[in-house]
Structure formats: C-alpha cells, structure tokens
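# Report on the structure
Chain by chain, the residues:
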Amino acid sequence: MSALPGKTVLITGANAGIGKDVARQLALRPEMARIYLACRNRERATAARADLEAVTGRRIFDVVLMDVTDLGSVRAGVAAIDGSLDALVMNAGVIGPKTMDLTADGVTTVFATNVLGHVVLLEGLLKEDRLGEVAVLAGSEAVRGVPKLRMKGPTFVSHSADELATVIDGSYFAGKKADFNLAFGQVKYIGALWMAYLARQHPDRRFITVSPGNTTGTQAASDLPLPMRIAAKYVMPTLGLAHKLDVGAKRLVDGVTDPTLSSGVFYASAANTLKGPLFNQADFLPDLANPSFQDHANEAIHRFIT
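The following refers to the structure shown. (Residues numbered from 1 in each chain as written. Predicted model: local features only at pLDDT ≥ 70, side-chain atom pairs only at ≥ 80, totals over all residues. Heavy atoms only, no water.)

### Description of the overall build of the protein
Applicable threshold: A run of H or I in DSSP counts as a helix once it spans at least four residues, and a run of E counts as a strand once it spans at least two, with each numbered from the N terminus. We compute the radius of gyration over the C-alpha atoms and compare it with the globule rule, which gives 2.2 Å times the number of residues raised to the power 0.38. Each residue is assigned to one of three classes by its accessible area relative to the maximum for its type, calculated with a 1.4 Å probe on protein chains only: buried under 20%, partly exposed between the two thresholds, exposed over 50%. For this analysis, residues touch if any pair of their heavy atoms sits within 4.5 Å.
Scanning the protein from terminus to terminus reveals nine helices and eight strands. On C-alpha atoms alone, the protein measures out to a radius of gyration of 18 Å, which is about the 19 Å that the 2.2 N^0.38 rule sets for 306 residues. Expressed along its principal axes, the backbone C-alpha trace of the protein runs to roughly 50 × 45 × 35 Å. By residue count, 53% of the 306 residues in the protein fall in the buried class. Considering only contacts in the protein between residues 6 or more positions apart, those separated by 24 or more positions represent 76%.

### Quick look at the environment of V64
Looking at where V64 falls in the secondary structure, it is placed in strand β3 (residues 61-65). For V64, the residues in contact, after removing those within four places along its chain, are Y36, L37, A38, C39 and G77.

### A short note on the sheet that holds strand β1 (residues 7-12)
In any sheet, the strands associate via hydrogen bonds between backbone groups, in a parallel or an antiparallel arrangement. For the record, the criterion: DSSP bridges decide pairing: two strands pair if at least two such bridges lie between them. For helices, the fitted axis covers only the stretch in contact; all axes are lines through C-alpha atoms, and the angles between them, taken along N-to-C directions, range from 0 to 180 degrees.
If you walk across this open sheet you meet the eight strands as β3-β2-β1-β4-β5-β6-β7-β8, and the pairing is mixed. The open sheet is flanked by β3 and β8 (279-280), the only strands paired with a single partner. Bridging between strand β5 (residues 131-138) and strand β6 (residues 206-210) involves five bridges; their strand directions are parallel. Paired with L137 across the strands is T209, a residue of β6. Docked against the sheet, helix α6 (residues 180-201) engages β4 (85-90), β5, β6 and β7 (266-268), running at close to 165 degrees with respect to β6.

### Quick notes on the side chain of N114
As a reminder, the rule being used: Under the rule applied, a polar contact is a pair of N or O atoms within 3.5 Å (in protein, one hydrogen donor and one hydrogen acceptor; residues adjacent in sequence only if both atoms are side-chain atoms).
Looking at where N114 falls in the secondary structure, it is placed in helix α4 (residues 109-127). Residue N114 is classed as buried on the basis of its relative accessible area of 2%. Within polar-contact distance, the side chain of N114 engages the backbone oxygen of V94 at 3.1 Å. For N114, the side chain forms a polar contact with the side chain of K188, separated by 3.0 Å.

### Considering the pattern of salt bridges
Which entries qualify depends on this criterion: Each reported salt bridge corresponds to a side-chain nitrogen of Lys or Arg within 4 Å of a carboxyl oxygen of Asp or Glu.
Tallied over the full model, the rule gives 15 salt bridges. Linking K7 and E133 is a salt bridge whose minimum nitrogen-to-oxygen distance equals 2.4 Å. Residue K7 is located in strand β1, and its partner E133 is located in strand β5; the two are separated by 126 residues in the primary sequence. The exposure class of K7 is buried, given its relative accessible area of 7%. Here E133 falls in the partly exposed class, since its relative accessible area comes to 23%. Across the pair R130 and E128 runs a salt bridge, and its minimum N-O distance is 2.7 Å. The exposure class of R130 is buried, given its relative accessible area of 12%. Within this structure, R34, D62 and D82 form a network of salt bridges that share partners.

### Examining the side chain of N91
The topology assignment puts N91 in the loop between β4 and α4. For N91, a relative accessible area of 13% corresponds to the buried category. The residues touching N91, leaving out its near neighbours within four places in the chain, are T12, G13, I18, G19, H118, A138 and L252.

Pasting the structure below:
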C-alpha cells in the first residue's frame, strides 16, 4: 500500500486474537484512516473497539456485524460498509470436532467459516467494484500437513470439482470417522487455490494467502480436545514450535502492506516448520500453482452459493 492518507480496511474475526492484533498493527500506520471490525457478536466487537482505541490512541474503528457462516449475514455486512475498501483481511476461521457439522448451505462449518463466507464477501465487493488494492486470506501450514502435530496433508486423486466438492459438504469422510484436522488442511488448500484463481481473473489487484503460522494467544484451539489445547498453549511454545501473537498477526499485515508479496501466491513457513520467514508454498506443493486445479476449486465452491 502506498503511504497516502485515507486507506480503509475490513478485517473478519477482528474482536480477538490475530484479527484484533492485525487491526492494532494496521491502526499504527499513519496511512490507515478507517478500519472495519467484522464480528459476529456486537458486545464483543464493541469491547474490542474500545480496547483498540485505548491502545492505539486512534478512533478509526467501526463495527460491522457479520457471521461468515451465514451468507445472508455476509451480504448484509457488505451492504453496511460505507463506500469502498482498499484492503480486506479474511481472518475468521475455526478448527475442531464440532466444525464438521453442516450449515444451512449444506457445507461443513469449517468450510463455511474459513472459506465460503469469505468467498461471498470478497466476490460481493469485486462485483460492485468496491475493493481497491488487496485481499488477504488467512492460510495454514496444515495445507501441506504438519507431521510434528500428527496432522496429515491433503491428498486428492483427480483434483476435479466433484472431488473437491466432497470436502466442502463433508462427504469425503462418508462411511468413515471424520478427521477434523485433515478437513481443516483440505479447506485451507481449497481456499488457497480459489485465491490463486481470483488473482488470474483480476491482475489489477493483489490476492494473497498468508498463514499466520503457529501462533500463541489466539482462540484457534478453543474447540480442540483438551490434550490438544494444552499442547497448543503450553507445550509447543516451550519447544519453540510457535511464535507470539504479534508475530503471527504481522504476517497478515505484511500481506496487506508489502507489495513484494506476489498476487496468487500462498505464503507460509518453510517445509517442516511452523514459524519463521515466509516462503511460496508452491515450491513445496506445485499443485497450488496448477491453473486447472484452481479452476476446479472455484467451480466446486460456487456449487454451494445461491
């Protein structure tokens, strides 16, 4: 982003954790003039706004009520935004056993929260020509698997739209126990492919997927089984497998502000790591750069949008 006054950004999942710290960090940049906090709960969003005003000394935060699992709520949120955005940070996301439940749109909650609601949000803005510069989607190293955490990486036979759609509606696990960790990686994989698809369609803007890495101080593990919550909060930081909240949030901030990060690319940690410098994940997973797979992901997603 150029250092000009008047920049406007919207951040989903902005009332806590990474989203809230992204808002804090962006507000400290003098070119930022308005930051929309898109949140499900008005009370929590209002409290977050008060905290952010106190810590940054700026009164540039506006609340937009938006539940990304509810496409009607997303569309209403888009309508509530005053004017256009220079940047969009799509940070809201969940992981855990309960996220395999289906929403009213026939998709898993993990897909609705991490991807589908953001598709409707971003494409709604694009349709109305209300996104000026950049959109950043929160990714995850789970896309390539995390052996240290016993998380399998997604694998597909054909990468066809039909096959990818089975992830979206949960039928991938039909007849067997659902693996919510694998489902999370699959969802983030499809999201990265979709962002790369959009980058090809809109070369005048930047569409970037960035993983915050394994970050402490978030609510990401709150729905996980107790042993995994303990590991996330205490064990992994002790072993040097996680970084602090401001570091993870800065990765997404860099997605917004660093013009050297290329459109269509998914950036995350180096192979077999969960923190550190950002790398193009297509260097490890060439499928991410396959235009046909990107097209298939976009097609599969839009089967569930009415």
